[in-house]
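# Structural characterization, general
Each chain, written out:
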Amino acid sequence: MNKKGECEYCSRLITGKPVNKILRNKKHVYCSEFCFRLYFYGVPTISYDNLQKMYSFYCISVPMQDFRKVLNGLKTEED
Ligand SMILES: [Zn+2]
């Protein structure tokens, strides 16, 4: 299933130093310690594509100085 050079958890291409782990006598490769932990604790897999989709839905990056403007914009829309 796992393609060579890809993280077993997030399926991203491992560009840096791979994190090798032995679990139940099987070798596993992850892109980071973080992915290993998510895998180990059974967090459902989120692909990188889905992550980006999720972020585009739930996160908007607004610089602090624009934040007030955005809030004011929301307020005037309500009034
Ligand atoms: Zn990963």
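Reading the values: rules and limits
Residues numbered from 1 in each chain as written. Predicted model: local features only at pLDDT ≥ 70, side-chain atom pairs only at ≥ 80, totals over all residues. Helix = DSSP H or I, 4+ residues; strand = E, 2+ residues; numbered from the N terminus. Buried ≥ 20, exposed ≤ 12 C-beta atoms within 10 Å, placed from the backbone. Core = buried A, V, L, I, M, F, W, Y, C linked by C-beta atoms within 7 Å. Contact = placed C-beta atoms within 7 Å. Pairing = 2+ DSSP bridges. pLDDT = per-residue confidence, 0-100.

### A closer look at unusual backbone geometry
Its identity is not glycine, yet R24 carries a phi of approximately 50°, on the positive side. Structurally, R24 is set in the loop between strand 1 (19-23) and strand 2 (26-30). The class for R24 is exposed, based on 5 C-beta atoms found within 10 Å. Of note, the phi angle at N25 is positive, near 65°, even though the residue is not glycine. With respect to the helices and strands, the residue N25 is situated in the loop between strand 1 and strand 2. We classify N25 as exposed; it has 5 C-beta atoms within 10 Å.

### Quick notes on the nonpolar core
Inside soluble globular proteins, nonpolar side chains tend to come together where they are buried. Counting seven residues, the largest nonpolar core consists of C7, Y9, C10, Y30, C31, C35 and F36. Beyond its immediate chain neighbours, meaning those up to four positions away, C35 contacts C7, Y9, C10 and Y30.

### Topic: the pairing of strand 2
Where strand 1 meets strand 2, five bridges bridge the pair, whose relative direction is antiparallel. Bridge pairing in strand 2 places N20 opposite V29. What sits between strand 1 and strand 2 in their antiparallel hairpin is a turn of two residues, with R24 showing a positive phi close to 50°.

### A few points about the environment of K4
Structurally, K4 is set in the segment before strand 1. A sequence separation of ten residues divides K4 from I14, and the C-alpha atoms of the two residues are 9.2 Å apart.

### Overview of the confidence of the model for the chain
With 70% of its residues at a pLDDT of 70 or more, the chain shows a mean pLDDT of 77. Across the chain, the secondary-structure element scoring lowest on mean pLDDT is helix 3 (residues 64-78), at 65, and the one scoring highest is strand 2, at 93.

### A word on the environment of G5
Within the secondary structure layout, G5 lies in the segment before strand 1. Assessed through the 12 C-beta atoms surrounding it within 10 Å, G5 is described here as exposed. Note: C-alpha distance between G5 and C31 (26 residues apart in sequence) is 8.9 Å. Setting aside its immediate chain neighbours within four residues, G5 contacts L13 and I14.

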